[in-house]
Every structure is written in structure tokens, then in C-alpha cells.
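Here are the chains, one letter per residue:
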Amino acid sequence: MAYGAHHSPTPPPHPDLDLARDCEHCLGWGTVVTQDGQHELCDTCQFAPDDGGPSPGLSARHRSPG
């Protein structure tokens, strides 16, 4: 019998797909899967290059505090 994915205590991140469109690292998905099986925003396309913070297109709930 097949089983679905395990439930995560946190919702998956919501990437800005416009930023991810031509990214070779995440192949346009905007997220990558870690070795632990967690989905994280792609460091290559989803973060602003100047300050290392999330890009303006991301919702506030996915931005790191302070």
C-alpha cells in the first residue's frame, strides 16, 4: 500500500516563480529539497543579492525576523 508524504509542522515555502524562471539551481521551482527532506527557498534565485534577505516578492510570513 502506498502512503502519502509525511505531514510537516510548517507549511512549505512559497517562492516567487518569476524570479525562479531561469534558475539552473532549482530548475525553475524556486525551492530545493535538503538532505533532511525539507523544502527550502532556493538560495540562488529567491534572495536579494545585496543584503542576503528574501526578495520583495515573498510574503512576510516567510521572511526571517530582523
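Just above sits the structure.
Residues numbered from 1 in each chain as written. Predicted model: local features only at pLDDT ≥ 70, side-chain atom pairs only at ≥ 80, totals over all residues. Heavy atoms only, no water.

Caption draft 1: Geometry of the nonpolar core. Membership of the largest hydrophobic core is limited to 5 residues, which are A20, C23, C26, C42 and C45. If we skip the residues at most four places from it in the chain, C45 touches L19, A20, C23, C26 and G30. (Core = buried A, V, L, I, M, F, W, Y, C linked by side-chain atoms within 4.5 Å. Buried < 20%, exposed > 50% of the residue type's maximum accessible area, 1.4 Å probe, protein only. Contact = heavy atoms within 4.5 Å.)

Caption draft 2: Structural view of the pattern of salt bridges. Evaluation of the coordinates by the stated rule reveals 1 salt bridge. For R21, the salt bridge goes to D18, with nearest N and O atoms at 2.9 Å. The same class applies to R21 as to D18, namely exposed. (Salt bridge = Lys/Arg side-chain N within 4 Å of Asp/Glu carboxyl O.)

Caption draft 3: Spatial organisation of unusual backbone geometry. The backbone phi angle of L27 is positive, close to 60 degrees, even though this residue is not glycine. Relative to the helices and strands, L27 resides in the loop between α1 (17-20) and β1 (31-33). (Helix = DSSP H or I, 4+ residues; strand = E, 2+ residues; numbered from the N terminus.)

Caption draft 4: Just the environment of T31, in detail. Among the secondary structure elements, T31 is positioned in strand β1. Take T31: its relative accessible area is 17%, and that puts it in the buried class. Sequence separation of T31 and D43 is 12 residues, and the distance between their C-alpha atoms is 8.5 Å. The residues contacting T31, other than those within four sequence positions of it, are P13, P15, C26, H39, E40, L41 and C42.

It is worth stressing that arrangement in space is one thing and function is another; only the former is reported here.
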